[in-house]
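# Secondary and tertiary structure notes
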Amino acid sequence: MPTWKEYPIAATIHEPGSATGQNTGDWRSERPQRDNEKCDKCGICWIFCPDAALFMNEDGFYEVDLYHCKGCGICARECGKEAIIMVEESE
Amino acid sequence: MAEKSTDFIPRLLPPRELFAEGHRGCQGCGEALALRQVIKVAGPNTIVCSATGCMEIISSPYPETAWRIPWIHVAFENAAAVASGVEAGIKVLQKKGRYPEGKINVIAIGGDGGTADIGLQALSGALERRHNFTYVCTDNEAYMNTGIQRSSSTPWGASTTTSPSGKESIGQNVPKKNLPKIVAAHDIPYLATACPSYPLDLMNKTRKALEVEGPTYLHVLSPCPTGWRHPIDMAVEMGRLAVETGVFPLYEIVNGRLKLDMVMEKREPVIDYLKPQGRFRHLKPEQIEEIQKVVDEYYESLVYRAECDAKAPEANADEW
Amino acid sequence: MGERIGLEVSLAVSEAVKLARVDAVAAYPITPQTHIVEELAQMVADGELDAYYIMVESEHSAMSACCGTAAVGARTFTATASQGLALMHEMLFIASGLRLPIVMAIANRALSAPLSIWGDQSDVMAERDIGWVQMFAETGQEAFDLTLCCFKIAEDPRVILPTIINIDGFTLSHVVEPLELESQEDVDAWLPTYVPVHVLDPAKPTTVGPVGFPEIYTEIRKQQDMALIGSYDVVLEVWESFEKKFGRAYKPVESYRADDAEIIINLIGAIAGTARIAVDRMREEGKKVGLVRTRLWRPYPFEEMRKALGGAKAVAVVDRALSFGGPGGPIASELRSCLYPLDKKPVVASYIAGLGGRDVTIEDFYTIVAETEKVLETGYTDEYKMIGVRE
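Treat the numbers as computed from the prediction; the structure is a model and nothing was measured.

Bringing the overall build of chain B into the picture now. Across its full length, chain B carries 11 helices and 10 strands. Computed over the C-alpha atoms, the radius of gyration of chain B is 19 Å, within 12% of the 20 Å expected from 2.2 N^0.38 for a compact globule of 320 residues. Taken over the C-alpha atoms alone, chain B extends approximately 65 × 55 × 40 Å along its principal axes. When the 320 residues of chain B are sorted by exposure, 57% land in the buried category. For chain B, long-range pairs separated by at least 24 residues make up 68% of all intrachain contacts whose partners lie at least 6 apart in sequence.

As C-alpha cells, this is what we get:
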C-alpha cells in the first residue's frame, strides 16, 4: 500500500469515476435476463437502473453490465413488455 | 404528466453517466437513481457540493469515486454554505479572468436530514443571499446512512430506529416537515418536487432549475428499500405509488405561483402505498384512515392553490 | 517605505487584507472582530477591494463558505472571535484536512459562560489541535505585517494550510497605534496572485473530501502533520523576505533582556508591553528578570524556545486561558513538554491572569516574579496559580 508521501494531498481523488473498478456485480443473487423477441428497445430499464448497469449495444438492445449489476430487479419489474425476468445467479 | 413507456423514449436522453456505476449504494437504491438522473441532465460543466449522507458515503470511498464531475464534500450541515462559496468564488474569479469562462452549474446535494434538520440554517442563508445555485434534497425520509433514524422528514406513523413503533408508540408521532413550503417562503424563483419514477419530469425540472438565474430547489422523493423495508425491486414502483396516491404531489412553484403537474381527480388509496412498506406495517386501520384524510386535505389544498395562482393578475405561469 | 499613520489595529488588518487583493470574504460579525469585517464590507462597497463578500448566517457557514471559495481557487479571508470560533470548531479541522489556504484573523476573546465580550486567549487556545499555522501579534504593525505574511505562508505549495493571525481582543484590536502601511505596488511585487495547487474545475474533475478508511487515514494525517511541521522553514523564509522587502524583521520567539536572566517571564500577545515595563523596573531594582514572547504558536518553535528559556533558573508563564482541572495554562503546559527532554530544566511556574478582559498590571508581574522566587526556594505548591482573583 502507498506510503504517506505517495497519497495525493487531502486524499483528493484525481481519477474521475474510479468507482467503476469496484465489482459490485459480486453482490447479486439474481441477474436480469432479457428476451430480445419481446424487447422494444424503449430504454425504460436503462433509465431506471440505480447503478447505470445497462448499456446500449450496437443492435440497440440494452445489455447488462454484469460486472456492476447488483441484481435489484427494478428493470425486470418496470419493463413494459415483460421482456426481462430475474434468474438465479449461477456460479 | 404520468409517463408511460410509450410517451417518451429514454434512449434519446444523453447517454453519458457522470455518476458512475460501481458506487456502493444498496441494491435498488431510489436515491442513487434520482442522483443519476439529476447529474445526467446537469452535464460536465457542473460542480457538486455534497452533504454527509448516503450519497456521499457510497460515492466517495477513497480511492473510488463515482463522480465524473468535480465534487466536494465538507460536512453534514453545510452543503448550501459550501455551494455559496463555490458560486461566489467562481463569480469573482471569472470576473478577474482566473477561472475558465462559461456557465458552471453549482449544485448542492443533501439528504432530508442534512437539509431539513441540521442543514436548514445553511440552506436558508444561501437562499436568502440569492446565490445562483440549485439545491437538490434527496428525501428518503430518515437518517438512512447511519441506520434508519428518524428525521423531521419522516412521515407520521413511520417506524424508524429512533422513533420505533411499539406497544406505546405509533412510531413518528408528528407530521412530516414540509420542506418545499419552507423553501417557498424564501420567495426564490423556482422550486419543484420530483421523483425518479417519473424520470422525464425530474430531468425537465432539473434542467429548469439549472437554467433559472438565482437560487432554485428540487425536492426529490427517494424510496429506500433498506429503510422503508420494501422489496429491492420496488423503489420505482413505490415512488409511483407515492405520487398516484397523493402522498407526494408533484408540483412546481414558479415565481411564487404553484402549478400541479398531475391533477388527479381520483387518487389511489394510500393503503396501496403503505402496505408494501415494513415501516408502516404496524399501522391500524383507523391510523391509515387518518393518513388518508390528511393526504386528501393537503392534496385538495394544493389543487385549490394552483387554481387561484393560475388566475392571479400578473400570472406568468406559462413562462416555463 | 510606506506611509506612517495612526490607525485602529482592526482597520490595519483590513488594510492588509485589501492590499493582499483577497478574492473572497465570508464572515459573520462578533465582538471584538466587527471593525475588521465592517471595514472590509465598506472597502468592497466602495470598489476599493475587488472581492465577493458573503454575508453568511453563522460562523460555521463562514468557514464552510470559505472552504467553497478556497476550493475553486479564490484567495480567502475571514475573521472571528470567541463563540464564533467555537462554533466553527468542526470546520477548522476540515479546512486543514482539505488543505485549503484560508487566512483567518481572530480577535481573541473570552468564552462563555458567563458571557464575556472582553479579551483573553481561551478561544484560540481551545483550537491548538486543528492543524493550522498560528501566530500572535503584539502590536498594530505586527498585526498588519503578519496578516500579509499569512497569505504567503498559507499558499506556499510546500504548506497549503489555513493560517491564523491572533490579535488580543480590545487590548490590541481596538487601540489606535502608529504604524506604517505599505503601498499596493510594493505588496503586489512581494505577494503574487494566488495560484492554487488543487482546484475544483470541470476540465479536470476531482473528488475532494472523500471517505478515509482506517487503511489510509493515518497516512493522510501524517501528510498533514508533516506539512505543518515543514511550514516552520517556510515561515522563516517568508519573514526573511518580508524583512528584505519592507525592513521589519520577525522571529518565532522574541527575547527581551533574557540572556542572563534568572527568572524569565514567558507569554503571548499584547500584554508583553506591560511585561516589558515591569522587567525594566525590576532590573533597575537589581532583579535578573527577562521576557520571552512567543510569536509563532503552530508549528511550535521547540528549538527556539529551548534556546531562549532552557538556561534560566525559572520561567514564569503567564496564560490568559486555562484548562480547568488540568495542567493550568496552555502556554505553560506546552512549554513543559518542550523543555522536558533537556537534562537541566528550569522550574516552570504556571500563572493564569487577564481572563475575560481583566487588566494585567505591572503589580501583577511583580507578584508573579515574587511567587516564582518562592517556588525556586521551596518548590511547587500548586499545579498553577490564578493571579488577581479575589479570595
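As a further point, take the interface of chain B and chain C. Each side of the interface is counted separately: chain B has 41 residues, and chain C has 39 residues. Broken down by element, the side of chain B that touches chain C gets its largest block of residues, 12 residues, from helix α3 (residues 79–95) of chain B. Pairing geometry for strand β2 (residues 71–73) of chain B and strand β9 (residues 207–208) of chain C, over 2 bridges, is parallel. Paired with I72(B) across the bridge in β9(C) is V208(C).

Our focus in this paragraph is unusual backbone geometry. Of note, the amide linkage connecting T31(C) to P32(C) takes the cis form, showing an omega dihedral of -5°. Secondary-structure assignment places P32(C) in the loop between β2 (24–26) and α2 (34–45). Residue P114(C) is reached from A113(C) by a cis peptide bond, and omega for that bond is -5°. Checked against the element boundaries, P114(C) lands in the loop between β5 (103–108) and α6 (122–125). Backbone geometry places A10(A), a non-glycine residue, at a positive phi of 65°. Along the chain, A10(A) falls in the segment before β1 (30–34).

We now examine the interface of chain B and chain A. Taken together, the contact pairs 31 residues of chain B with 34 residues of chain A. When contributions to the side of chain B that touches chain A are tallied by element, the ones reaching two or more residues are α1 (30–42) and α9 (235–244) of chain B. Residues of the side of chain B that touches chain A, tallied by class, amount to 16 nonpolar, 7 polar and 8 charged.

This part covers the domain arrangement of chain C. Residue and element names in this part refer to chain C. Taken as a whole, chain C is organised into domain 1 (3–246) and domain 2 (253–386). Relative to domain 2, the C-alpha centre of domain 1 lies at a distance of 28 Å. In this complex, domain 1 contributes 24 residues to the contact, which on the side of domain 2 involves 18 residues. Elements represented by at least two residues in the side of domain 1 that touches domain 2 include exactly α6, β6 (133–136) and α9 (214–246). The leading source of residues in the side of domain 1 that touches domain 2 is α9, at 5 residues. Residue composition of the side of domain 1 that touches domain 2, grouped by class: 13 nonpolar, 7 polar and 4 charged.

So, on to helix α11 (residues 302–309) of chain C. Residues and elements named next belong to chain C. Within the sequence span of α11, burial applies to E304, M305, A308 and L309. Each buried residue of α11 sits inside an arc of 105° when the element is viewed along its axis, so together they form one side. Elements in contact with the buried residues of α11: β10 (253–256), β11 (263–267), β12 (289–294), β14 (314–319) and α12 (330–339).

Conventions adopted
- Residues numbered from 1 in each chain as written.
- Chains lettered and ligands numbered in written order.
- Predicted model: local features only at pLDDT ≥ 70, side-chain atom pairs only at ≥ 80, totals over all residues.
- Helix = DSSP H or I, 4+ residues; strand = E, 2+ residues; numbered from the N terminus.
- Rg over C-alpha atoms; globule rule 2.2 N^0.38 Å.
- Buried ≥ 20, exposed ≤ 12 C-beta atoms within 10 Å, placed from the backbone.
- Contact = placed C-beta atoms within 7 Å.
- Pairing = 2+ DSSP bridges.
- Nonpolar A, V, L, I, M, F, W, Y, C, P; charged D, E, K, R; others polar.
- Domains from an automatic or database assignment.
- Arc of directions from axis to C-beta.

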